[in-house]
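Residues per chain, in single letters:
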Amino acid sequence: MRESTEDLSLINEGAVNTTATEAVDSGKRRWITAIRDEAGTLQQDIESAQQQLAEQQDSPADVVVDFIRQSSIAGALVPRSMLLEPPYSMSEPDLAQVLEEIEHTEAFADIMISAGARDDYYYSSQSISVNYANMCVLVIEKDVCRTIAQAVRFECETYPRPYKVAMLTQAPYFFEPEQIEAALTAIDTHPDYADIRPVASSDGQAYLFSERFMSYGKAYGLCEWLEVEQFQNP
């Protein structure tokens, strides 16, 4: 009978120990679970922050487009070759990829290209017109004859009116009188510019016009009105 009592005591002690162990294990499990939940939340926060940071960083295409737009606001075109030089120093394959991305991205639809004889030039249509860009390309590449012919033809076709030669000394051309005189001599004999003709008002103001878009009589009448008659008959 004594042995049975001792056995029962041992059984009860074992049951108590088992219950205590289970209580401790349960506490550990809750603690570990809480740590895991906290670690998971922290990892999600880190990944979310990394994603937001990546989204805030400008891509190479964003940087190039911003440079082109800022240059256009200042009235300047961006030659393609400029993007291969410092501070951009892009490799040819990287630049080709960036320009392709710009061409096919709707957000960059204002970025235009004007092809020159020596390079391609980029600008934003938000700040620069197609005609102005084409003129700038000719000025940059120092093709004075083509610049004058294009300016005269655009003026005669668009408005229409003859083009005052003195305008060539102003923006965006800033040609020197000697450059203009040499170009007009070349234009007078070159077959590509056979439609470009001189005309002058009665007070001696020199103009040019294109026979593609108006006759000599109309060109003379218009420059006479611009220089003389409008002041006599306001």
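(A) Fine view of the pairing of strand β3 (residues 120-124). Burial of β3 is extensive: four of the five residues sit out of reach of the surface. Counting the residues that bridge the hairpin from strand β2 (residues 111-115) to β3 gives four residues.

(B) Expanded view of the nonpolar core. With 26 residues, the main nonpolar core has I148, V152, L168, Y173, F175 and I196 as its most contacted residues. Secondary structure elements with two or more residues in this core: α4 (130-140), α5 (144-158), α6 (177-189), β5 (196-200), β6 (206-210) and α7 (216-232). Of all the elements, α5 adds the most residues to this core, at seven residues. Judged by nonpolar contacts, the second largest core, of 14 residues, contains L95, I102, I111 and Y122.

(C) Fine view of the pairing of β5. In the sheet, β5 pairs with β6 via five bridges, with the strands oriented antiparallel. By the bridge assignment for β6, R197 is matched with F209. Between β5 and the antiparallel strand that follows it, β6, lie five residues; G204 among them carries a positive phi value of about 90°.

Thresholds, definitions, all that
Residues numbered from 1 in each chain as written. Predicted model: local features only at pLDDT ≥ 70, side-chain atom pairs only at ≥ 80, totals over all residues. Heavy atoms only, no water. Buried < 20%, exposed > 50% of the residue type's maximum accessible area, 1.4 Å probe, protein only. Helix = DSSP H or I, 4+ residues; strand = E, 2+ residues; numbered from the N terminus. Pairing = 2+ DSSP bridges. Core = buried A, V, L, I, M, F, W, Y, C linked by side-chain atoms within 4.5 Å.

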